[in-house]
Amino acid sequence: MSQPLTDRDASTAPAGGGSQFTKESILRDYRIAFQSRQASLIGRKEVFTGKAKFGIFGDGKEVAQVAMARAFRPGDFRSGYYRDQTLMMALGLLTLEQFFAQLYADADVEREPCSAGRSMTAHFSTCMLEPDGRFRSQIDRINVSADVSPTASQMPRLAGLAYASRLYRELPELQAMTATFSRNGDEVAFGTIGNASCAEGMFWESVNAVGVLRAPMLLAIWDDGYGISVPNELQITKGDLSAVLSGFRRSPESGQGYDLHTVKGWDYPGLCETFLSAVQVVRREHVPAIVHVTEMTQPQGHSTSGSHERYKSRERLEWETEFDPIRKMRQWMIDQGIATAAELDAAQEEDRRIAREAQRRAWEAFRAPIDEEKRTALGMLGELAAQSPAGEEVRRVRQELERQPAALRRDVMAAVHAALVATAGEEAPAIRRLVDWKQEQMRLNEDRYNSDLYSDTPQAALKVAPVPAVYEPDSPVLNGFEVLNACFDAALSRFPNVIALGEDVGKIGDVNQGFAGLQAKYGPLRVSDTGIRETTIIGQAIGMAMRGLRPIAEVQYLDYILYCLQILSDDLATLRWRTKGLQKAPVIVRTRGHRLEGIWHSGSPMAGILNLVRGLFVCVPRNMTQAAGFYNTLLEGDDPGLVVEVLNGYRLKEKLPANIGEFRLSLGMPEVVREGSHVTVVTYGACCRIALDAAQKLAEVGIEAEVIDVQTLLPFDLQGRIVESLRKTNRVLFLDEDVPGGASAYMMQQVLELQGGFAWLDSAPRTLTAKEHRPSYGSDGDYFSKPNRESVFEAVYEIMHECDPAAFPIFYR
Ligand SMILES: Cc1ncc(C[n+]2csc(CCOP(=O)(O)OP(=O)(O)O)c2C)c(N)n1
Ligand SMILES: [Mg+2]
């Protein structure tokens, strides 16, 4: 083991023990590690006795984490994973009680401040927002971005958290924001990841991106040799991460690359030295670093789902016992004369008690409100049993609930439901009271478990007031891309925190020139080229947005959104919900699609997207002016959004609104783009033009189609504009270029089920979509793969034929 520790520069205000190595601070580290271990041991038992559903703990990783905590300072960020309980405790961001509250899924945000019971145990976060939804100051506290479960998914966001420091240091126009978000970009974004998760593609994509971005990231790899049961030899080339990462090492000539460190997970002084020296360079020079912590252990195995004796050899298990980091640290403290064995024994005894008591208090606090609800329900059920002819059945239901010692809310609600079924049709006063109480509980549970998918703050995108486009007599008629360009120019000049990034966005101003000339005007940090790395373009934007910036992140084509759909779905879309409104990342994702040429430049996989990104708004404007209106709205709001521009519309002519920087479109407001009385055609994006063309042809045979552009798929027609049209036409066609049963089926469900459109129909509702396969290449390929003027004509005509065959005879087949 390394030498004794000596104090370093004490001016770096420490967050954990900092760089001062007093006996007290070392003992404090030890006790946090020990208490954390006790929490893991007790936690596992809590799962096996049925009080918690699942456990995944940080045992074996404790000592490295108390060492890492010393490198943190207020203003820093963490993006990590489920092994970090000790780090959280050492940073003062998680109490033992809170740890247990999350284990029990306590839905009270005061008791379980990481996710209000929404995430499983060991998914950490800190509150980043004021009650009104604005960002709290980030510089006087340590900020933990909310964890997710998919392995390595903490990495793309980490890239953005780190990169924001660089922007705050290097962009003078962000100076005004530094009081809340940055001290000269001195903040480090710390990451943690398991060794096996480094086999994921996005690990390598993120490491590469951060190296290119020269962002101040300090990444710790907790290497315990396994990913569940699979050893390093089957995870990583050469079985050795340090070896394969070595190509990223900083080159002395260019200064680019990483500082790489390797240190053992049981070597407390070595870990402290390594983290403290590494972080100094990261902070000062904005050079990223990786600390590969090897020889870590996992005394209780991966999780409560199975035992590690199944896959670890006896030798390995013995080695893990011997090299248990807490045991090693204890010995080192005794050898160094920091504490005697007797003193440590006494401290350990006390720590065992502290952990047990915290567990008991957390359990009691978790149970108390539920037991209260149960008592109330039992009282009401007793009352109902006395009043009802079905009293016996109600009594049975009541008894069953009473007998459950640790009844959950679902058990209470199931009993109430059963009693109401048993007494259906009766008029006892107790029934009304029970129904009212049930409704009240449903409302409370809605808040506990379902709130905050979208913003409900004063800045919510849904509350942004619309501003109509204004046209002057001399307003110029421009190419679509020039309209967008004017919009982005206005946004960049009005909001200093707007940062555009993406492939080819910088120098050439994107492949369709939406940002043409804007890098020259605003500089390469405001309008940036990135590598071809969709996942980390989105991750970068998420991290930046969590630090107060307003990224417009571009995915070059809609077809390539599949590369980042996972991170959009798992991270961005869930962020506000999974923290019950304690964190946000108002990212704007820009892409283009629907129609151009060939399989991978004209896809429109909208249902796939819609179904995975609830939590984002999805705008599908039919032209660039509408797109500009949505960008302006999203920039005023604090929700994330996706805007799909129409790929074949950049060279179509549009009149430039005089207020291109200010005009705003409301989300969830369809527009009737052609009025008609016979059939309603509901569509969006590029299909609007096709529907309008078809409507013109239909008018020639006496059919008046009403064409409605839904404009945003999420949210969808908030005021029921489409059902209003159905009241008039009583017939409907849902049209788009997704696959059959794709977004057209979604629109149908929204209109017929949610809006009650079914009641107004005189004809069967229809959908017209692209074929099941991807679009073929060339104009004919497009024509025979996607809806076109003729197929729309025929679909509408057939609806009319069905209701009046004489007036509308089929003449084309
Ligand atoms: C994308 C994804 N695949 C699989 C899993 C299931 N899983 C959870 S943890 C884990 C092993 C991770 O090992 P490692 O990164 O070494 O971290 P450790 O648990 O050993 O600390 C796996 C396969 C997951 N959470 N996410
Ligand atoms: Mg591992």
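Located above this text is the structure these notes cover.
Re the overall build of the protein chain
Next up, step 1: What the protein chain contains, in helices and strands, is 27 helices and 22 strands.
Next up, step 2: Against the compact-globule benchmark of 28 Å for 813 residues, the protein chain has a radius of gyration of 30 Å, which places it among compact chains.
Next up, step 3: In the protein chain, buried positions account for 60% of the 813 residues.
Next up, step 4: Of all intrachain contacts in the protein chain linking residues separated by at least 6 positions in sequence, the fraction that spans at least 24 positions is 79%.
Next up, step 5: Of the accessible surface of the protein chain, which amounts to about 31000 Å², a share of 52% is contributed by carbon and sulfur atoms.
Next up, step 6: Side chains of the protein chain carry 90 positive and 107 negative charges; the gap between the two charge centres is 3 Å.

Regarding the coordination of the magnesium ion (ligand 2)
Next up, step 1: Coordination of the magnesium ion (ligand 2) by the protein is provided by N195 (OD1), D224 (OD) and Y226 (O), with metal-donor distances spanning 2.0 to 2.2 Å.
Next up, step 2: Of note, the magnesium ion (ligand 2) draws all its donor residues from one chain, in the sequence arrangement N-x28-D-x1-Y. Each member of the pair, D224 as well as Y226, carries the same accessibility label: buried.

Details of unusual backbone geometry
Next up, step 1: Cis rather than trans, the peptide bond between L714 and P715 has omega equal to -5°.
Next up, step 2: Of note, P715 is situated in the loop between strand 20 (712-714) and helix 24 (721-729).
Next up, step 3: Its identity is not glycine, yet H594 carries a phi of approximately 80°, on the positive side.
Next up, step 4: Locating H594 in the fold gives a position in the loop between strand 13 (588-593) and helix 21 (606-612).
Next up, step 5: Given a relative accessible area of 1%, H594 falls into the buried group.

Concerning the environment of I142
Next up, step 1: Considering the arrangement of structural elements, one finds I142 in the loop between helix 4 (96-103) and strand 2 (143-144).
Next up, step 2: On the basis of relative accessible area, I142 is assigned to the buried category, the value being 7%.
Next up, step 3: Expressed as a C-alpha distance, the spacing of I142 and R37, which sit 105 residues apart in the sequence, is 23 Å.

Examining the pairing of strand 4 (residues 217-222)
Next up, step 1: A large share of strand 4 lies buried, amounting to six of its six residues.
Next up, step 2: Neither face of strand 4 is exposed, since M217, L219 and I221 on one face and L218, A220 and W222 on the opposite face are all buried.
Next up, step 3: In this structure, strand 3 (residues 189-194) lies alongside strand 4, joined through six bridges in parallel fashion. Among the inter-strand pairings, T192 is bridged to a residue of strand 4, identified as A220.
Next up, step 4: The parallel pair strand 3 and strand 4 is bridged by helix 7 (residues 201-213), and the resulting crossover is right-handed.

The rules behind the values
Residues numbered from 1 in each chain as written. Chains lettered and ligands numbered in written order. Predicted model: local features only at pLDDT ≥ 70, side-chain atom pairs only at ≥ 80, totals over all residues. Heavy atoms only, no water. Helix = DSSP H or I, 4+ residues; strand = E, 2+ residues; numbered from the N terminus. Rg over C-alpha atoms; globule rule 2.2 N^0.38 Å. Buried < 20%, exposed > 50% of the residue type's maximum accessible area, 1.4 Å probe, protein only. Contact = heavy atoms within 4.5 Å. Areas by Shrake-Rupley, 256 points an atom, 1.4 Å probe, with all protein chains shown as cover. Lys, Arg positive; Asp, Glu negative; His and termini not counted. Charge placed at Lys NZ, Arg CZ, Asp CG, Glu CD. Donors = N, O, S within 2.8 Å, 3.2 Å for Na, K, Ca; no water. Pairing = 2+ DSSP bridges. Right-handed = clockwise from strand over helix to strand, strands pointing away.

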